[in-house]
Amino acid sequence: MVAEIRRMDEKGSGQAVIWRDTEHGNQKKLRLTIPQTLLGEKVRVTVDKPERRRRKALVEEILEANPERTAPPCPHFEKCGGCVWQHWDYKGQLKHKTAHVREAIEAQGFNPELVLDTIGMEDPWHYRNKMEFTFSPDGSLGLHEQGNFRKIISLETCLIAGKEMVEAALEVAKWVKDHELTGYNKNLHEGLLRHLMVRQSFATGEIMLALFATEGPEGHLQNAADDLVNRITEKFPQVKSLMWLENTDWADRTQSEKSHTLAGRDFIYDEMDGYRFRLWFDTFFQTNPTQAQKLVDLAVEMGKPVKTEKMIDLFCGVGTFSLPFANRVGKLAGIEIVETSIESAKRNAKDNGIDNTYFLAKDARKGIDEVLETFGTPELLLLDPPRSGAGGKVMRRIGRSQPERIVYVSCNPDTFATDIKELEPFGYTLEKVQPVDLFPHTFHVECVALLVKKSQ
């Protein structure tokens, strides 16, 4: 079958529609998802189970290539599900991300010309400061195969992770093989090693290695654990936190029931915008520090904070935006439902000598109500919700609180556009939207937007 790629889906694969003759002489529409293709390409494909309406197809031959197609540099590209756009010239990726944001807001009735060109990276490689690798049942360490979370691609390299992070991960992989340790079998729910989390501060250089296992490091595993400590501390002095975390839950997540600090601390130090943060294994922090700094700069530029003003930081996390803004406003209230993040935000504010903040662990909508009662109406409100967006109830509560300026930091253009539509009845206009590429070679795009209350 020959298909033409008309659009890209939310996972970065090409989408096409073809018509297939049925045994009754009719034609049936077939919607195809075709990985590793680009807009406008014509490809010959093999369709698995074509009797279904929506099927995944595999490329046999590229008949007409997109001129922006390029050779992917990673040896794992064709199988790995980590970064699916390495075959797309970086400038082409940025153009598509800009178009995506414009289409999203235009679908909600906003002027697409308000969206500026996406800010990319000078060097779009080795940008991630955190990676989660998975062990296969035979103990090999790697990343999930694209579209198949049951299969692991053994790791040789990773071109989006920090170089020292990859070197440390490969040393752990060698240690596993040397001690003939098993990986976790998701089907049988047995085996020892589940995940390896590696995170590094590009500012301080500190590295955390967190090994997730179904047992603790004592008893028959003590010698192996001691050897891991010796190897890592000898070869990687920048590793300031070496953790062994027990996880017996069936859910395939990097969570911990009991933690063991094998070497160093149970956290590392990182910095953003000149402020110091403590990062634990489960701390959410922007994974591309170079571009995250641009997000902070843009948010400050758009928000125009003033020393006499009050501000709310909604979905504040550990204070990534709170701290830079706190030094620029009179008072700042941060709201976040995750209690551990709020405790971290309080600690980070104290570590940086900031004493004009109030952090509240509560649901966003209820948190706004509580803050307004004790804090008063803020002139400035910033929100940085998860990919699912803030939701209509929260956005309408923001609208009723009537801040003069709203800065929305988004990691999902579609939910962002739906959210800000809720603010129109409350007298807000969208001033501008600046997309920022935090995840080169993937379909993700972030943006920072400014909404201003109309003059009465």
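Above this note sits the structure.
I will try to describe carefully the structure that is included in this document.

**Considerations on empty space enclosed by the protein**
Gaps between atoms show up when a probe of the same size as a water molecule is rolled over them.
Okay, so step 1: Tallied over the full model, the rule gives two cavities of 30 Å³ or more.
Okay, so step 2: Looking at the largest cavity, its volume works out to about 80 Å³.
Okay, so step 3: Lining the largest cavity are Cys74, His76, Phe77, Cys80, Gly82, Cys83, Gln86, Leu143, Thr157, Cys158, Leu159 and Ile160.
Okay, so step 4: Along the lines of polarity and charge, the residues of the lining of the largest cavity split into eight nonpolar, four polar and no charged.
Okay, so step 5: Every residue lining the second largest cavity is listed: His76, Cys80, Gly142, Leu143, Ile153, Ser154, Leu155 and Thr157.
Okay, so step 6: Secondary-structure elements contributing two or more residues to the lining of the second largest cavity are strand S8 (141-145) and strand S9 (148-154).
Okay, so step 7: Its residues placed into classes, the lining of the second largest cavity shows four nonpolar, four polar and no charged.

**Some points on the layout of surface pockets**
Okay, so step 1: Estimated volume of the second largest pocket: approximately 420 Å³.
Okay, so step 2: Contributing to the lining of the second largest pocket are 19 residues, with Arg7, Met8, Asp9, His96 and His100 lying nearest its centre.
Okay, so step 3: For the lining of the second largest pocket, the secondary-structure elements that each account for two or more residues are strand S2 (7-8), helix H1 (90-106) and helix H9 (413-421).
Okay, so step 4: In terms of residue count, H1 provides more of the lining of the second largest pocket than any other element does, five residues in total.
Okay, so step 5: The residue makeup of the lining of the second largest pocket, split by class, is nine nonpolar, four polar and six charged.

**Points about the sheet that holds strand S11 (residues 207-213)**
Hydrogen bonding along the main chain pairs the strands of a sheet, whether they run parallel or antiparallel.
Okay, so step 1: Taken in spatial order, the seven strands line up as S9-S8-S7-S10-S11-S12-S13 in an open sheet, and their pairing is mixed. Both edges of this open sheet fall to S9 and strand S13 (258-264), since each of them pairs with a single strand only. For this sheet, the mean inter-axis angle between neighbouring strands, taken without regard to orientation, is 35 degrees.
Okay, so step 2: As paired elements, S8 and S9 share four bridges and run antiparallel to each other. Note on S9: the bridge partner recorded for His144 is Ile152.

Cut-off values and rules
Every chain's residues receive numbers from 1 upward, in the order its sequence appears when written. Local features in this predicted model are restricted to residues of pLDDT 70 or higher, and side-chain atom pairs are both shown and tallied only at a pLDDT of 80 or more, whereas totals for entire chains, interfaces and linings draw on every residue. Just so you know, side-chain values use all the structure's heavy atoms and leave hydrogens and water out. In this analysis, the protein atoms alone were mapped onto a 1 Å grid. Cavities are point sets where a 1.4 Å probe fits without being able to get out; pockets are open sets with protein on both sides within 12 Å along at least five of seven lines; lining residues have an atom within 4 Å of a point. Grid points are joined across faces, edges and corners, and a volume is the space filled by probe spheres set on the points. Under the grouping applied here, Gly and all other residues not named as nonpolar or charged are polar, the nonpolar ones being Ala, Val, Leu, Ile, Met, Phe, Trp, Tyr, Cys and Pro and the charged ones Asp, Glu, Lys and Arg. Going along the chain from the N terminus, every DSSP run of H or I of four or more residues is numbered as a helix, and every run of E of two or more is numbered as a strand. In short, DSSP must find at least two bridges between two strands for them to pair. Comment: axis = line fitted to C-alpha atoms, over the contacting stretch for helices; angle = value between 0 and 180 degrees taken between N-to-C directions.

All we've got here are geometric facts, nothing functional implied.
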